[in-house]
Each structure stands twice: as structure tokens, then as C-alpha cells.
Amino acid sequence: MARLNNGQSLMELIIAVGLGVSIILGGIGAVSLYLRVSSQDIPYQKANFLVREIIDEISVTAGGNWEKIANATSSSYLSASSSGFIVQTGQENKTLDNTNYSRYFYASSVCRDASDNIIDCSAPGSINDPSTKKITTIVEWVYRGSSTNVSLEKYITKTSK
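Residues numbered from 1 in each chain as written. Predicted model: local features only at pLDDT ≥ 70, side-chain atom pairs only at ≥ 80, totals over all residues. Heavy atoms only, no water.

**Student:** How should I be thinking about the overall build of the protein chain in this particular structure?
**Tutor:** In terms of regular secondary structure, the protein chain is built from two helices and seven strands. In the protein chain, the succession of helices and strands from N to C terminus is α-α-β-β-β-β-β-β-β. A total of 161 residues make up the protein chain; the buried ones form 26% of that total. For the protein chain, contacts bridging at least 24 residues in sequence account for 54% of all contacts bridging at least 6. By element, 56% of the accessible surface of the protein chain is carried by carbon and sulfur atoms, the whole surface being about 10,600 Å². (Helix = DSSP H or I, 4+ residues; strand = E, 2+ residues; numbered from the N terminus. Buried < 20%, exposed > 50% of the residue type's maximum accessible area, 1.4 Å probe, protein only. Contact = heavy atoms within 4.5 Å. Areas by Shrake-Rupley, 256 points an atom, 1.4 Å probe, with all protein chains shown as cover.)

The structure is reproduced here in C-alpha cells:
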């Protein structure tokens, strides 16, 4: 009977080693996935900062000079000057921690229905609201060879002076 138990112990040892190797390989895979995702998260956080920064700058500029922002219907960016921000056509390029980001915005018309709800401008009965604009901001960058972007939309309203 002693001989039968020795073979059984060897089989248990082989199964235990196989199970241990499987658990270790699964753990290595999970850690590697976490590291890949967390390294990608940093550029996203910076892009989100850049897109929110430009939204804030647009809101301030629109409060002081509505037409500057309302007339930016194609890719535009803001550049600082001694008299506030100036709207420029094109994209602004920024480098943060060796990652190149391009950011821009554009303003779109906003339409309303008879109940003053925002609707698509192509809808029947839509009425253009010249005092409201939809601002779309976009930040683009390249991550691991692929173009990536973050966008944010905000409605701004002209204030009377």
C-alpha cells in the first residue's frame, strides 16, 4: 500500500504546481493590464484639463465680447493679449510632459421650438436663437500611434450690458 500513496503524492504535487503557475500568470496579466491602463490615464487627465481650461476662457471672453466667440464658426483657439483673449483661426498646440496636444473650438447656432426648448436646427418650426451658441471644444493627441481626442460641449448665452 505504501507504493500507491507515493504515486498519489506525486500527482498532487504536479497539480499543485500547475495551479500555482496558473494563479501567478493570471496575476501578472492583471498587473500588466492595470499598468497599461494607468499609463494611458495620465494623457487623458491632461487633455481633460486643457479642454476645461479653454471652456473657461471662452466663457470669460464671451462675457466681455460676445461677437468674438459667436462668430468663431470654424476651428479656432484663444491667445492671450494685453486686452484679454483674441480668437485666432486654427489650432493651438501645447506640449505637456513630452505629449503634444492640439486644441480648438467652434461655435454652432442654437435653435428653439415654440416652447423655447433647444432642438435641432433642421427640425420643422425651429427658430434660431442668436443669443445662445453651442460651443464644442476638442483636444487631440497621439497615444501609442493612434490619434485620440477628448471633446466637451457647452451652451453659452449672451448677457446684456
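**Student:** Even after reading the chapter, I still don't get a nonpolar patch on the surface, so can you show me in this structure?
**Tutor:** Residues Leu10, Leu13, Ile14, Val17, Val21, Ile24, Leu25 and Ile28 make up a contiguous nonpolar surface patch of about 790 Å² in total accessible area. We classify Ile24 as exposed; its relative accessible area is 54%. (Patch = residues over 30% accessible without salt bridge, like charges linked within 9 Å, V, L, I, M, F, W, Y side chains within 5 Å. Salt bridge = Lys/Arg side-chain N within 4 Å of Asp/Glu carboxyl O.)

**Student:** Hey, could you run me through the pairing of strand S7 (residues 146–157) in this one?
**Tutor:** The side chains of a regular strand alternate between the sheet's two faces. Bridge analysis of strand S6 (residues 127–143) against S7 gives 12 bridges, and the strand direction is antiparallel. Bridging across to S7, Val139 finds its partner in Val150. Taking the residues between adjacent antiparallel strands as the criterion, S6 and S7 are bridged by two residues, where Arg144 takes a positive phi near 50°. (Pairing = 2+ DSSP bridges.)

**Student:** Where do I start with the side chain of Glu57 in this structure?
**Tutor:** Checked against the element boundaries, Glu57 lands in helix H1 (residues 2–64). Setting aside residues up to four positions removed in sequence, Glu57 forms contacts with Leu78, Phe85 and Arg103.

**Student:** I tried to follow the environment of Thr99 on my own but got confused; where do I start?
**Tutor:** Its place among the elements puts Thr99 in strand S4 (residues 99–112). Exposure remark for Thr99: the relative accessible area of 17% places this residue in the buried category. Note: C-alpha distance between Thr99 and Tyr143 (44 residues apart in sequence) is 8.5 Å. When neighbours within four sequence positions are excluded, Thr99 is seen to be in contact with Lys94 and Trp141.

**Student:** In this structure, what is going on with the packing of aromatic side chains? I would like to understand it.
**Tutor:** Both the distance between ring centres and the angle between the ring planes are used here to describe each pair of aromatic rings. For the structure on display, the rule yields two aromatic pairs. For the ring pair Tyr44 and Trp141, a centre distance of 5.2 Å and an interplane angle of 85° mean the geometry is edge-to-face. One end of the pair, Tyr44, is in helix H1; the other, Trp141, is in strand S6, and 97 residues separate them in sequence. A relative accessible area of 28% means that Tyr44 is categorised as partly exposed. Trp141 gets classed as buried once you look at its relative accessible area, which sits at 3%. Judged by centre distance (5.6 Å) and plane angle (50°), the rings of Tyr101 and Trp141 are tilted. Here Trp141 lies in strand S6 and Tyr101 lies in strand S4, a separation of 40 residues in the sequence. One aromatic cluster is present, formed by Tyr44, Tyr101 and Trp141 through successive ring pairs. (Phe/Tyr/Trp six-rings, centres within 6.5 Å; stacked < 30°, edge-to-face > 60°.)

**Student:** I'm lost on the pattern of salt bridges in this one. Help?
**Tutor:** Side chains that carry opposite charge are capable of pairing whenever their charged atoms lie near each other. This model, assessed by the stated rule, comprises eight salt bridges. Glu67 is paired through a salt bridge with Lys158; the nearest N and O atoms lie 3.8 Å apart. Separated by 91 residues along the polypeptide, Glu67 in helix H2 (residues 66–70) and Lys158 in the segment after S7 bring together distant segments of the chain. For Glu67, a relative accessible area of 40% gives the class partly exposed. A relative accessible area of 40% places Lys158 in the partly exposed class. Arg103 is the partner of Glu92 in a salt bridge, and the nearest nitrogen-oxygen pair spans 2.6 Å. One end of the pair, Glu92, is in strand S3 (residues 92–96); the other, Arg103, is in strand S4, and 11 residues separate them in sequence. Each member of the pair, Glu92 together with Arg103, is buried. Salt bridges sharing partners connect three or more residues here, namely Glu53, Glu57, Glu92 and Arg103.

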